[in-house]
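Tertiary structure, described
In case you want the letters, here they are:
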Amino acid sequence: MAEIELIGVSKAFKDGTLAVNDLNLFIPDGKILALVGPSGCGKTTALRMIAGLEDLTSGTIRIGSDVVNDLDPGARDIAMVFQNYALYPHMTAYQNMALSLRIRKVPKAEMHRRVHKAAEILRLEELLKKRPREMSGGQRQRVAMGRAIVREPKAFLMDEPLSNLDAKLRVQMRSEILRIQQELGTTTVYVTHDQTEAMTLGDQAAVMRLGVLQQVDTPQELYRNPANLFVAGFMGSPGMNMVEARLQRTDDDLVVEFGSHRLVVGEALKAADSVRAFVGRSVIVGIRPEHISDASVETSAPQGSRLRVPIELREEMGSEILLHFTVDAPPVLNEDIKEIHADKEPDVLEALEEQLESRRSVFVARVDPESRSRVGDMAELVVDTTRLYLFDPATGRALGTEARAAVHVTN
Amino acid sequence: MTKPRRRVLGRSRKREERSAYLFIAPWIAGFLLFWLAPMAISVVLSLMDWDLLSTPKWIGLQNYAELFFNDRTFWVSVGVTLKYIVLSVPLYLVTGLLLSLLLNLKIRGITVFRTILFIPSILSGVAVAVLWVAMLNPDTGAVNDVLRQIGISSPPRWLQDPSWAVPSIVLVGLWGIGGGAIIYLSGLQNIGAQLYEAARIDGAGAFQRFRFVTLPMLTPTLLFVLLTSLIDAFQVFDTAYVLGGSQGGVGDSLRFYLINLYNAGFVGGRFGYASAMAWILVLAAAAVILIIFRTSGRWVYYEYDPESER
Amino acid sequence: MSVATAKPRPDADGAGRNRAYPLATLIRRRGKRAVLKGAAYVILLALSAFVLLPVAWMLTAALKPDLVSVFTVTPQWLPTDHWDWVNFRRALFDTLPFARYTFNTLVIAGGNILGTLISCSLVAYGFARLRFRGSGPLFYVLIVTMLIPWQALMVPQFLMFFKIGWYGTILPLIAPAFGGTAFYIFLIRQYMRTIPRELDEAALVDGLNRWQIFWRIVLPLSTPVLTVCAVFTFIYNWNNLLGPLIYLNNDSQFTIPIGLANLVTRAGTPWNLLMAANLLSIIPPVVIYFVVQRKLIGGIASVGLKG
Ligand SMILES: Nc1ncnc2c1ncn2[C@@H]1O[C@H](COP(=O)(O)OP(=O)(O)O)[C@@H](O)[C@H]1O
Ligand SMILES: [Mg+2]
């Protein structure tokens, strides 16, 4: 068991692709870090460099007290779970798990004990004599995990280990991985493009974009206090609503104006220097769906937090309702947003482009199931303006982050 | 901050490289010993007069000069080989293709036919030749027996008739045409069904589908078969040796290039001379291959290959 | 001509009718297909007869008593009174030494299979999986040697082996196999490249070195292509005439092809025994062919594709 540290790690492939750019990470001993980002952002490359499967172009990687830059993968005492498992097809589950121990000349009895213990943890004792082709996807996944566990390595490296499973199995294996990781207390780097997985699995999550680390923090903090537009847009589902607005001072208040709407910025944000610097300029306003509620339920809300908007779609989710409504201002469609949606939902981009053309955006509100708003209604919605997010349109940098940290504490 | 772009190989890459050279070492050794060294020796040898026992004598280009201007049997062997190439290569190309079309039909029992027709191509040239030398015996052989029974009173005397000798070998080769057909067959089976469906929808009949889908898609296979059958045709030995003996058959009618070379070197002991002949063979073969490759761009259609080289 | 009737009739009388083809056309189409199919079977049967009858004829020739076939002016398709099965034993042991020729051929083929499998799989792995400077040009050289016929180099090779005293031994016929054969290296490399690279990487992480990855992972997974190479090597050596003809000078070392060729080219050929020997000689390749047929054709197909 050991901590892992990446210091200024970069990787440029021969074709010139800068897949990882000056990456700094620290994973404390026994913790699990989720490395998350849209596909192509360099997660796998970063993980492979930790594993030793890819040379570093520059930088240093430390596992425990050793700098491992020049060590072969086998000498780094790490175990890896591959996206498509990479089980040896000609070996049984037992042989797959035992191979690394045989190579290391672990005594037979000890080998036997460790394989069976791993099999027990993963509940695959029945499968030990089977070959990969005779197993289901979930079973192969377990064997791949088992192969990592028997090693009792310093660290687990997992590259989207659940992405080839169906949705239900994925949720189940997710909690299983978490359980095992906590039971063994092995330092783990967990790569995923799925922000939900990162939220639920990581002690910490690191968000990457185009090879560059955007932010590292606990998943809750990433969600609550994103450092920039990209992180804000990437974390959360449904994603943050965003629109370009003007930040104005009226009387004693700061307001954001977009289309025919205006919202009064909450006290804490208002006080932040970085926010005040933008008065009279345009900003990007972000509102999380759960911070919008139905005025018929939330009757006491002040005027500067209300939106009168037409409801386009009503999705019953049981414990909540998703209301889709339009706002008469163009949506944000910059490089960050394109990057977020590029791989998973190409039609989202198309929809955004359409909205850009018609200069209206579709927002989503996550409201109380009591809400009576129907499709076609002009609904009165209330925004929790203390939870507004503001971003610099030019750089995407979040404004007033210092204030939000304070809110977080006082809450 | 700015690091030099080109780094020397990392230590693990160096290890990888070292083990790579170990892995390919057998071939490197084999290449040096069994290809490069003989090639170098061969060049030098072709400029010498040497019978293995006496001391070798440097004679410059005399071997080549003798071959070109002073050796009737050399030109005979060239003629026999060319005659064989002209007769056999186009014939095998077309019949192999036709047979593969037949074997590609989706009818019951087709795999049995494929198996049967493939058998001759795995038999040795010697075994086949031994069989056919008996079959083609003009008096007692089965072939002429059949011919006489269907009313041909004086059938060809095959190997004993110089003008029939090379055609005889061509016909014997036809017996093994199933081998070539199998290669076409795999080419045919790699043509996507949806291409045919698209052609059908465009209203193409059976012949048009062959002309506009099958044939173009099969051109890489045709190129491959053309090249290999040409290279093989340059090197006929076993069959000719059995059917015509080491001296090249009746009236030199089966004095193929390699038979002649074998005679000059291993029977006549003129190793320098034989080396010169070998070089002429290599250069001729290389020229033909090169010409075919150069012109193949015009008629070979390659499908997009997603697997690109490193 | 009634071309028009072959076309689908305009659907005048409403829905519910078969829109595709009138019945007559369907029948005509079926009929045409049946005729074509019948013709295909006739041709295939004729071709099969063309292939199989000579083999059958060889069998009858092998069973005839001595000298008969040579003197009968009209050849017999069936041996009338004699079915001399003993001819096979005579060809192998008593009159002709084909048992020894067979043994010699097997030794040479076995040595070549061993050498080929060892060297070609090693080299193929190097080219398929490892990164090293010069791999591109070296592989190109390998491809080029594939195009140079061995026969072009047989004279200097002979001199080299002669000089080191290997003339008259089977060593020159076996040693080159341990230097690898370009064609098989190419074949195995292509196959190894289809094995997922993650397996190598998983093995690296598991602590295997390159040799262990080759031996424990890649080689076991390459058995199909290795089988193909072994079979090709066997058949090539089983059939090879020129090599043994050049290097072997003693009847006790001769191989089957030399034995057969010598019998044909000398006077007074015992045709019945020759046919018996010949028939026996084609059994191993045919049997092997049947055993590994599918893999073999797959292997040939891959050659045809990548060539
Ligand atoms: N071997 C390689 N050669 C060149 N470019 C590569 C190679 N591997 C990955 N890349 C590129 O590097 C970037 C990051 O890839 P990767 O680490 O696989 O992303 P992720 O795992 O986040 O999806 C991508 O643009 C990808 O195309
Ligand atoms: Mg990836």
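Cut-offs and rules
Residue numbering note: each chain is counted from 1, following its sequence as written. Chains and ligands are labelled sequentially in the order written, the chains with letters from A and the ligands with numbers from 1. Local features in a predicted model are, by the rule used here, given only for residues with pLDDT of at least 70; side-chain atom pairs are given and counted only at 80 or more, and totals for whole chains, interfaces and linings are based on all residues. Side-chain metrics in this entry use all non-hydrogen atoms of the structure; hydrogen atoms and water are not considered. The secondary structure listing takes helices from DSSP runs of H or I that are at least 4 residues long and strands from runs of E that are at least 2 residues long, numbered from the N terminus. For every residue, the accessible area (1.4 Å probe, protein chains only) is compared with the maximum for its type, and the residue is labelled buried under 20%, exposed over 50%, or partly exposed between those bounds. Any two residues having at least one pair of non-hydrogen atoms within 4.5 Å are treated as being in contact. Here, Shrake-Rupley sampling with a 1.4 Å probe gives the accessible areas, and only protein chains in the shown set may cover a residue. Just so you know, the count uses Lys and Arg for positive and Asp and Glu for negative, and it drops His and the chain ends. Just so you know, the charge point we use is NZ for Lys, CZ for Arg, CG for Asp and CD for Glu. The term buried area denotes the loss of accessible surface (1.4 Å probe radius) that occurs when two parts are joined, taken as the sum for both partners. The term salt bridge refers to a side-chain nitrogen of Lys or Arg lying within 4 Å of a carboxyl oxygen of Asp or Glu. Any N or O atom pair separated by 3.5 Å or less is treated as a polar contact, with the protein-specific requirement of one donor-capable and one acceptor-capable atom, and with residues adjacent in sequence counted only for side-chain atom pairs. Note on residue classes: Ala, Val, Leu, Ile, Met, Phe, Trp, Tyr, Cys and Pro are nonpolar, Asp, Glu, Lys and Arg are charged, and everything else, Gly too, is polar. Proximity is defined per residue: any heavy atom of the residue falling within 4 Å of a molecule or strand makes that residue near it. For every element, the axis is a line fit to its C-alpha atoms; helices are fit only across the contacting stretch, and the angle between N-to-C directions ranges from 0 to 180 degrees. Any angle that falls under 35 degrees is termed roughly parallel, while one over 145 is termed roughly antiparallel, one within 65 to 115 roughly perpendicular, and all others oblique. Without a salt bridge and with relative accessible area above 30%, a residue can belong to a patch; like charges are then joined within 9 Å and nonpolar side chains (Val, Leu, Ile, Met, Phe, Trp, Tyr) within 5 Å. When DSSP locates at least two bridges between a pair of strands, those strands are taken to pair. In predicted models, pLDDT denotes the confidence assigned by the predictor to each residue on a 0 to 100 scale. The disulfide criterion is simple: two cysteine sulfur atoms within 2.5 Å. Less than a right angle of anticlockwise turn of the near helix away from the far helix marks a crossing as left-handed, whereas a clockwise turn marks it as right-handed.

In terms of helices and strands, chain A carries 13 helices and 21 strands. Here the C-alpha coordinates of chain A stretch approximately 80 × 45 × 40 Å along the principal axes. When each of the 411 residues of chain A is scored for burial, the buried share is 54%. The long-range share in chain A, meaning contacts at least 24 apart out of those at least 6 apart in sequence, stands at 72%. Summing over all exposed atoms, chain A offers an accessible surface of approximately 17,300 Å²; the carbon and sulfur share of this is 48%. Charged side chains in chain A number 50 positive and 59 negative. The centres of these two groups are separated by 7 Å.

Right, let's get into the interface of chain C and chain B. Listed per partner, the contact involves 93 residues of chain C and 85 residues of chain B. Carbon and sulfur atoms make up 76% of the surface buried where chain C meets chain B, a total of about 8,300 Å² over both sides. Per-residue buried area on chain C facing chain B is highest for L44, R131 and V155 of chain C; these three make up 8% of the total on that side. Counting every contact that joins chain C to chain B gives 3 salt bridges. With its nearest N and O atoms 3.2 Å apart, the salt bridge here joins E16 of chain B to R131 of chain C. For the pair chain C and chain B, the interface holds 11 residue pairs in polar contact (both at pLDDT 80 or more). Tallying contributions element by element places helix α2 (residues 23–63) of chain C first for the side of chain C that touches chain B, with 15 residues. Along the lines of polarity and charge, the residues of the side of chain C that touches chain B split into 67 nonpolar, 17 polar and 9 charged.

Tallying the contact residues gives 8 residues for chain B and 8 residues for chain A. Interface area, chain B with chain A, both sides summed: about 750 Å², of which 39% is carbon and sulfur. Note that R15 of chain B and D72 of chain A form a salt bridge whose closest N and O atoms lie 2.9 Å from each other. Linking chain B with chain A are 2 residue pairs in polar contact (both at pLDDT 80 or more). Within the side of chain B that touches chain A, the residues separate by chemical class into no nonpolar, 2 polar and 6 charged.

All names here are of chain A. With respect to spatial proximity, the complete set of residues near ligand 1 consists of F13, D15, T17, A19, S39, G40, C41, G42, K43, T44 and T45. Between ligand 1 and C41, the relevant distance is 3.2 Å, taken from an oxygen atom to a main-chain nitrogen or oxygen of the residue. Within the side chain of K43, a nitrogen or oxygen atom sits 2.9 Å from an oxygen atom of ligand 1. In isolation ligand 1 has 560 Å² of accessible area, and contact with the protein removes 62% of it. Per-element accounting of the shell around ligand 1 gives the leading share, 3 residues, to helix α1 (residues 43–51). Classifying every residue of the shell around ligand 1 gives 3 nonpolar, 6 polar and 2 charged.

Moving on, we get to the packing of helix α3 (residues 72–103) of chain B against helix α4 (residues 110–122) of chain B. Residue and element names in this part refer to chain B. At a closest axis distance of 10 Å, the pairing of α3 and α4 adopts a crossing angle of 150°. Overall, the two elements α3 and α4 adopt an arrangement that is roughly antiparallel. Residues L99, L102 and L103 of α3 touch α4, and the partners they reach there are I110, F113, R114 and L117. A class-by-class count of the residues in the contact of α3 with α4 yields 6 nonpolar, no polar and 1 charged.

Residue and element names in this part refer to chain B. With respect to the helices and strands, R255 occurs in the loop between α11 (238–244) and α12 (257–267). Only 3.5 Å separates the side chain of R255 from the backbone oxygen of Q247, close enough to count as a polar contact. At 2.6 Å, the side chain of R255 forms a polar contact with the side chain of N260. Here R255 is in contact with T73, V76, S77, V80, Q247, G248, N260 and N263, once residues within four sequence places are set aside.

On the surface, R108 and R200 of chain B together with R29, R30, K32, R33 and K37 of chain C cluster together into a positively charged patch. No other element matches α2 of chain C, which puts 5 residues into the positive patch. Note on R108 of chain B: relative accessible area 75%, which makes it exposed.

Turning our eyes to something else, we now look at the sheet that holds strand β14 (residues 282–287) of chain A. Sheet architecture is open: 6 strands sit in the order β13-β12-β11-β14-β20-β21 (chain A), paired in antiparallel fashion. Every interior strand has two partners, whereas the edge strands, β13 (261–264) and β21 (398–399) of chain A, have only one.

All names here are of chain C. On average, residues of chain C carry a pLDDT of 82, and 80% of them reach 70 or more. Across chain C, the element-wise mean pLDDT spans from 38 in helix α1 (residues 3–6) up to 96 in helix α8 (residues 171–174). Under a pLDDT of 50 for its full length, residues 1–18 has, in the predicted model, 11 contacts with residues more than four places off or in other chains. Under a pLDDT of 50 for its full length, residues 302–307 has, in the predicted model, 12 contacts with residues more than four places off or in other chains. Model confidence for the complex is summarised by a pTM of 0.84, with the ipTM given as 0.85.

Moving on: the state of the cysteines. According to the stated counting rule, one finds 0 disulfides over all chains in the structure shown. Of all cysteine sulfurs in the structure, the one in C229 of chain C sits closest to C120 of chain C, which takes part in no disulfide; the separation is 6.6 Å.

Here we come to the packing of helix α12 (residues 223–239) of chain C against helix α15 (residues 271–291) of chain C. All names here are of chain C. Here α12 crosses α15 at 165°, and the two axes come no closer than 11 Å. Classified by the interaxial angle, the pair formed by α12 and α15 is roughly antiparallel. By crossing handedness, the relation of α12 to α15 is classed as left-handed. Along the contact surface, α12 presents V231, F234, I235 and W238, while α15 presents S281, P284, P285 and I288. Its residues assigned to classes, the contact of α12 with α15 shows 7 nonpolar, 1 polar and no charged.

Attention shifts here to unusual backbone geometry. Cis geometry is adopted by the peptide bond preceding P238 of chain A, which originates at S237 of chain A and carries an omega value of 0°. Note that P238 of chain A resides in the loop between α8 (229–234) and β11 (241–250). Located in the positive-phi region is D252 of chain B, a residue other than glycine, with phi close to 60°. Note on placement: D252 of chain B falls in the loop between α11 and α12. Looking at D252 of chain B, the relative accessible area reads 15%, which means it is buried.

So, about the pairing of strand β12 (residues 253–258) of chain A. All names here are of chain A. Bridge count for β11 against β12 is 5 bridges, and the pairing is antiparallel. From the neighbouring strand, R249 faces β12, where its bridge partner is L254. Counting the residues in the hairpin turn of β11 and β12 gives 2 residues, including D251, whose phi is positive at 50°. The pairing of β12 with β13 spans 4 bridges and is classified as antiparallel. Each bridged residue has a counterpart across the sheet, and for F258 the counterpart in β13 is H261. Between β12 and β13, which pair antiparallel one after the other, the connecting turn spans 2 residues, and G259 there sits at a positive phi close to 55°.

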